[in-house]
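Structural characterization, general
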There are 4 protein chains.
Amino acid sequence: MLKPLPQSKGRLIKRRLPIQPAFHETDMMGVIHNSVYFLWFEQGRLQIMLEVLPVEEALQLGVFMPVVENICHYRKPARFGQPLLLYTSHHLQSRYEGRLVFSHYLIHEKQRVALAYGQTAMTLVDARTGRLVKTWPDDIWRRYQALK
Amino acid sequence: MLKPLPQSKGRLIKRRLPIQPAFHETDMMGVIHNSVYFLWFEQGRLQIMLEVLPVEEALQLGVFMPVVENICHYRKPARFGQPLLLYTSHHLQSRYEGRLVFSHYLIHEKQRVALAYGQTAMTLVDARTGRLVKTWPDDIWRRYQALK
Amino acid sequence: MLKPLPQSKGRLIKRRLPIQPAFHETDMMGVIHNSVYFLWFEQGRLQIMLEVLPVEEALQLGVFMPVVENICHYRKPARFGQPLLLYTSHHLQSRYEGRLVFSHYLIHEKQRVALAYGQTAMTLVDARTGRLVKTWPDDIWRRYQALK
Amino acid sequence: MLKPLPQSKGRLIKRRLPIQPAFHETDMMGVIHNSVYFLWFEQGRLQIMLEVLPVEEALQLGVFMPVVENICHYRKPARFGQPLLLYTSHHLQSRYEGRLVFSHYLIHEKQRVALAYGQTAMTLVDARTGRLVKTWPDDIWRRYQALK
């Protein structure tokens, strides 16, 4: 059984992202395919995390930030052409707890109806060994703490 | 908080599916992108559910089987060219509980290491009204009960 | 060498679309996967064609606008995070020639370097019979002629 | 009309690949999305090219094999669940002409009807400089000449 993701209770970081579902993201049932929501969640998570660790810097440092858990709960189907809003939030950790958890909340921009919500968790890994990084490089940790 | 998915305890239906990760499914970190696992889970779920309700018949009957919940827990990255095996299982419900839950377990075919596991849930919906179908059409229910 | 598709010489319709390559669109070579450019071209084409025929109306009328030809010539790899611009153009036909051709030109927004160019062609088809529609419904044709 | 890409006239290498269109590859028009054919063409091309240069070896050597041109001509829509066959062919070059061209031919396995055909071209590039590699490493060239 999958357990709900534990989250720290630190300062809350929030971002809002406009989403425009694309034609190719639909499936033959006429709605956005269930896998696409995770692509949107990723954009929400990166909205926050690219401020902390840009991809080029991650490649230079030899660290990855793989997703270790993805959850989505679907309430109403998203459709092509509907303007959506994705709200992503994250509780800042005062001490690194081994992984970062993000909450995602997708709404229809005009009807203000919740279409889906979910949680994703990522961690920090050494690219060569594949092992968890337990202590973050100073620079990155400072930028993480400075998130607003 | 997301709660673990409740499951009935009926007869266990199991399927095995060979998976060949494709080049385009990789991302710039050199591994299969996290969203792709849900495409594989879907193939596993459809391995079972297409025996119960083929897509053409669903379209004729005017019913959809949307995914209402998707969970994936990632343990080791899947890579391009690695032959994988996806095990999907489902506890048959003796009475329809409003949704069907599937468990997915992805392993490296040769190393027999678990790469990921997850759960997905789907339901039955009237295509026109978008409402849940509470009683299944007889034929489909019979085929569901006859699953092996 | 890419041979240009034959095009009518009518009034030129042009659109510009900002593109933000997404992380999941990269592949293990660190660049945007070659298939993704066609998703962008589609957004460019729809920028024009949704003014003529919204998807809901197409479904009501029972007509499809399938792509019949896709061409892309790649010059430099697009990368995650690079802001791009997609220019799409179309020569308006004074009489329907059986298909509509669109030209696509993708540039790096800041470096003003061409990354790729291509052409796509679509046609109008009766959804039930799968046959080409030779005469367009009046409304749609009027809107097509009114494109600016 | 699709003009064939110029090809050398060397010995013809052919491969056949069974394709099983997936549910998530459909779009709201009920057919396989036009971009997906290029994913299949890539599988056909890699069926040949991975015998010449496995991906791990390419990464070690620091060479890429980017697609420089993609063409697809669509004749009939592919649908979910239809078993398809993809035929890929390549004329072996006795001297490297700067790029390799592959022809792709997609048919419905049972009806033996052509659904689409296309051509793709790839080249060899130095991963660090992005420049074309004019002379192939000996090993790889030998394996290329040994293709059957």
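Everything numeric here is computed off the predicted structure, so don't read it as measured data.

The rules we used
Residues numbered from 1 in each chain as written. Chains lettered and ligands numbered in written order. Predicted model: local features only at pLDDT ≥ 70, side-chain atom pairs only at ≥ 80, totals over all residues. Heavy atoms only, no water. Least-squares fit on C-alpha atoms with pLDDT ≥ 70 in both. Contact = heavy atoms within 4.5 Å. Helix = DSSP H or I, 4+ residues; strand = E, 2+ residues; numbered from the N terminus. Expected span 1.5 Å × (residues − 1). Bend = angle between axes of the 7 residues up to and from the residue. Buried < 20%, exposed > 50% of the residue type's maximum accessible area, 1.4 Å probe, protein only. Salt bridge = Lys/Arg side-chain N within 4 Å of Asp/Glu carboxyl O. Polar contact = N/O pair within 3.5 Å; in protein donor to acceptor, adjacent residues only side chain to side chain. Nonpolar A, V, L, I, M, F, W, Y, C, P; charged D, E, K, R; others polar. Pairing = 2+ DSSP bridges. Buried area = accessible area lost by both parts, 1.4 Å probe.

With that settled, the discussion passes to the relation of the copies chain A and chain B. Think of it as a corkscrew move, a rotation about one axis and a shift along it, taking one chain copy to the other. Taken as rigid bodies, chain A and chain B are interconverted by a rotation of 180° and an axial shift of 0.0 Å, the fit giving an RMSD of 0.0 Å. On this basis, the relationship between the two copies can be described by a two-fold rotation axis. Closest approach to the rotation axis among the C-alpha atoms of chain A is made by A:Ile71, whose C-alpha sits 2.2 Å away. In this assembly the copies share their binding face: 100% of the residues contributing to the interface of chain A also contribute to that of chain B.

With that settled, the discussion passes to the relation of the copies chain C and chain D. Rotating chain C by 180° about the axis while translating it 0.0 Å along that axis superimposes it on chain D, leaving an RMSD of 0.0 Å. Of all interface residues in chain C, 100% are interface residues in chain D too; the two copies therefore contact each other through one and the same surface.

Along its 17 residues, helix α1 (residues 36–52) of chain B runs 25 Å from first to last C-alpha, staying within 8% of the 24 Å computed at 1.5 Å per residue. Where α1(B) bends most, the angle comes to about 35°, and this point is B:Leu46.

With respect to the element layout, B:His33 can be found in the loop between β1 (12–19) and α1. With a relative accessible area of 3%, B:His33 lands in the buried category. Among all residues touching B:His33, those that are not within four sequence positions of it are A:Leu39, A:Glu42, B:Glu25, B:Thr26, B:Asp27, C:Phe23 and C:His24.

Turning our eyes to something else, we now look at the interface of chain A and chain B. Counting residues at the interface gives 27 residues for chain A, matched by 27 residues for chain B. The tally of links from chain A across to chain B stands at 0 salt bridges. Run the count over chain A and chain B and you get 14 residue pairs in polar contact (both at pLDDT 80 or more). Mapped by element, the contributors of at least two residues to the side of chain A that touches chain B are α1 (36–52), α2 (55–61), β3 (67–74) and β6 (114–122) of chain A. Of the residues belonging to the side of chain A that touches chain B, the class tally is 17 nonpolar, 7 polar and 3 charged. Inspection of the sheet shows β3(A) paired to strand β3 (residues 67–74) of chain B by 5 bridges, in the antiparallel sense. Each residue of the ladder has a partner; that of A:Asn70, found in β3(B), is B:Cys72.

All right, on to the interface of chain C and chain D then. Facing the 26 residues of chain C at the interface are 26 residues of chain D. Summed over both sides, the interface of chain C with chain D buries roughly 2200 Å², with 59% coming from carbon and sulfur. At the junction of chain C with chain D, the criterion picks out 0 salt bridges. Elements with a minimum of two residues in the side of chain C that touches chain D: α1 (36–52), α2 (55–61) and β3 (67–74) of chain C.

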